[in-house]
Amino acid sequence: MVRLHWWTADGLASAITVAGRSWLPSKRAASLALLLSLAALVALGETTASGSTYPVERRIQEDPDLSEFYSMVERDPTLMQMMKRDAMSVFAPTNRAFQSFTGNLNVLYHVLPDWVPLDRLNYRLETLANRAAVYITRRKIPTDPHYEVFVNNAQILDLRAANRSYRSEMNKRQALYIIDDVLVSVPSFGESDKLGPATGDGVVTPRVSAWDLLVHSESSFFGTFRLGPLRKQVMQQQQEHLYRGQGDHTFFLPVEQSYKPRSSLTRLDRVALEGHIIPNRVLFTACAPYNEPLRTLAFGENVKVTITFVSYGTGRDARVYVMSRTALPNARLASGTVIAQVVKANLPVGNGVVHLINRPLVVVDSNIAQALQEDEDGIFSKFFDLIEDYGPDFLRALQTGSGPRTLLVPDKTAVSRIQESKYLNDRKKMMEVFRMHLIPESLPIDRIRRSSAGIGHYATAAPNMFLYFDMQQNQQSHESIVTVEGGGVNATVLLPDITTTDGYIHLIDRVLGLPHMSVREKLETDPMLNLSYELGMLNRFNEQLNKTTRRYTFFVPRDQAWVNWFTKRASRRLDVFLQHPDKVRTVMERHLIIADRVFRMSELKSMSPESLILPTTTNSAPLRLRVRLEDRRFFIKWQEGGNWISVFRHDIECTNGIIHVLDEPLMLDTDIPDASSGSGGGGAAPWLLLVACMRCITAIWQQ
């Protein structure tokens, strides 16, 4: 052994020790020794980096973040020796990956019997676990020239480090890929341990196929999930070849349901079974193309079935669902969308990957009430629990009612937001809220998209309450989204057109009818009320609308109402109006009722003409109204005006008041100075565009 010491910072020379003998060198000798030692260290580093004498087993042993995996390797002495001697590639899960893993790890399924560098990781590779296959997926990173690389459902971490090569003690090349999930393998089920015969082109018959999972579905590997009824139906339809054959497919196998043992599964004919298989693509949940319709085997001239992956939640804790959409139906299959939850995912087999789902796709056999009740701990479950606890009468109406209908179901996150709401103990209010989510007609989203001007309003089961649908564009993805407003709450449709035997379910991200905004916040955020908000910013009129000590009833003209009013009056121009903030405030105050309570339109309708003198601000005269109801629409007439004004939306609840949206402002020609200068009303349009777009432009600049 040679121990090299060099000159210390204070100029004293250390000794060079060789075979136990030491002496003090000269400065020059010490400097030379320093250079030699540094060169030796560099050489050692290069040797380690190139992997010439550094086995992958040692690399795993020395990494504290791979200690769980190394402990598994240590339990297999044969594998330990192979790691030290032979060529191989290892997929090593991090310790964090083991935290969420339950079951028995097959360590051999994490090892390839050859050195495979990153650029040669192919679509399918055989492992030491009886040559069971792992599947490689490369996914393009948005706005980045690089790819993410997955092995089955696990992502390879740090691709730069993955390019490093190691050498065994026998100088065989080795590779190490650190992954973020444990690779789950499927047992061989006894008979399948033997290799199938090779075909003429040398391809080996898959050892464990999707059909083997159906045959051995009573194995403890599946826990409480049972596939016996599905296997029986496949055999009756003589479709075993769909699951036995070679290829690389994605299979969705519906499990037996305790609440509906066999009725759904017995309706799976040949086309429906083909609608559960995505051909020629192996799709694991971590790297599947979400929200993209994927063609199934049942995609042809007579019927077209697609499957879409969707998820809720974040990261590895997200719940995965799949939706089938059927078009051009045959006699036994209905058009529409069926959704199922993936209850056991990512089971790799020799001919692809299998996902167990909690109900059949394609087949529509539940009504709305059954779909809610059967969705145990699923996306509908929290809303169903809410109805059970606070709206049993509404639930009975759903169960006993007939005829086409559409239910908007808030998702689990939306229901969680209102669990502390003061309204929950108000049975009358909650009944109104539940009824507001029910439209007594069949309403697919395509019908809403085709409605005139991209907006539609539909009556609900709540008396004189409407839902207002609109089309918006996601500013990031530029995709069109459908929004719905009801009772002062704006929601986005997350999942549309879940089909039932009596209509549709649309999943939304808010509970309608339970306000969470003040009058001012609602005015500021509602895209239909931009002009009223901007006019209210003049002379600081809007500042009062956030107060919680007041109760406001605000008649707010929608944008189109202002446009129409100025368009019809050539001598009255918006630019002149804006030059007189005091007059703008006077007009806005005329629309605002301030009292110790709010006034719903139904209440105003029931009040006598003598009592319909409503208090406005201290500086304005009381508002005198008449109200009528015609074809489920409200109309008002104020004393100074001569015509009936349609209430476009009513009873938009806020935390400190209520808003009614008007089709015409409460405004007289005398509220604006005459601008008869020969230019007519044409000058109004640029000002209208400026005011209406002001906040939109600001929002774009802030992005």
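Please read these numbers as outputs of a predicted model, since none were measured by experiment. (Residues numbered from 1 in each chain as written. Predicted model: local features only at pLDDT ≥ 70, side-chain atom pairs only at ≥ 80, totals over all residues. Heavy atoms only, no water.)

Visitor: Account for helix H3 (residues 67-74), with residues named and values stated.
Guide: All of the buried residues along H3 are Phe-69, Tyr-70, Met-72 and Val-73. Seen along its axis, H3 keeps its buried residues to an arc of 155°; they face one direction. Of the surrounding secondary structure, the elements contacted by the buried residues of H3 are helix H2 (56-62), helix H4 (77-85), strand E4 (88-93) and helix H5 (95-99). (Buried < 20%, exposed > 50% of the residue type's maximum accessible area, 1.4 Å probe, protein only. Helix = DSSP H or I, 4+ residues; strand = E, 2+ residues; numbered from the N terminus. Arc of directions from axis to C-beta. Contact = heavy atoms within 4.5 Å.)

Visitor: If you had to explain the sheet that holds strand E26 (residues 551-557) to someone new, which residues and values would you point to?
Guide: With mixed pairing, the seven strands of this open sheet are ordered in space as E27-E26-E32-E31-E30-E29-E28. Each having just a single partner strand, strand E27 (592-595) and strand E28 (613-614) make up the two edges of the open sheet. Bridge analysis of strand E31 (residues 645-654) against strand E32 (residues 657-662) gives five bridges, and the strand direction is antiparallel. The residue of E32 that forms the bridge with Arg-649 is Val-661. (Pairing = 2+ DSSP bridges.)

Visitor: Can you break down the pairing of strand E17 (residues 336-349) residue by residue, with the values?
Guide: Here is the key point about a regular strand: its side chains alternate between the two faces of the sheet. Within E17, 11 of the 14 residues are buried, leaving the element largely enclosed by the surrounding structure. Relative to E17, strand E16 (residues 319-327) is paired through six bridges, and the arrangement is antiparallel. From the neighbouring strand, Arg-325 faces E17, where its bridge partner is Thr-337. Note that E17 and strand E18 (residues 352-357) share five bridges and pair antiparallel. Along E18, the bridge assignment pairs Pro-348 with Val-353.

Visitor: An account of the sheet that holds strand E7 (residues 133-140) is requested, with residue identities and associated values reported.
Guide: Spatially, the four strands line up as an open sheet ordered E6-E7-E8-E9, and their pairing is antiparallel. A strand with exactly one partner marks an edge of an open sheet, and here the two such strands are strand E6 (124-126) and strand E9 (154-155). Sheet analysis places E7 next to strand E8 (residues 147-151), joined by five bridges and oriented antiparallel. Within E8, the residue paired with Arg-139 across the bridge is Glu-148.

Visitor: Can you lay out the nonpolar core for me, pointing to particular residues and giving the numbers?
Guide: Counting residues in hydrophobic clusters, the biggest one holds 44 residues, and the most contacted among them are Leu-213, Tyr-243, Leu-253, Phe-309, Val-322 and Val-354. The contacts of Tyr-243, once residues within four sequence positions are left out, are Ser-209, Ala-210, Trp-211, Leu-214, Val-234, Phe-251, Leu-253, Leu-273, Ile-277 and Asn-351. (Core = buried A, V, L, I, M, F, W, Y, C linked by side-chain atoms within 4.5 Å.)

Visitor: Would you mind going over empty space enclosed by the protein in detail, with residue names and values included?
Guide: Applying the stated criterion across every chain, the model contains one cavity of 30 Å³ or more. Computed from the structure, the largest cavity encloses a volume of approximately 270 Å³. Around the largest cavity, the lining comprises 22 residues; the ones closest to its centre are Ile-339, Arg-359, Ala-371, Asp-375 and Phe-380. Where the lining of the largest cavity is concerned, the elements lending two or more residues are E17, helix H11 (368-374) and strand E24 (489-500). At five residues, E17 tops the list of elements feeding residues into the lining of the largest cavity. A breakdown of the residues in the lining of the largest cavity according to their chemical character gives 11 nonpolar, seven polar and four charged. (1 Å grid on protein atoms, 1.4 Å probe; cavity = no way out; pocket = protein on both sides within 12 Å on 5 of 7 lines; lining within 4 Å. Points joined across faces, edges and corners; volume = space filled by probe spheres on them. Nonpolar A, V, L, I, M, F, W, Y, C, P; charged D, E, K, R; others polar.)

So far we have only geometry, and geometry alone does not tell us how the molecule works.
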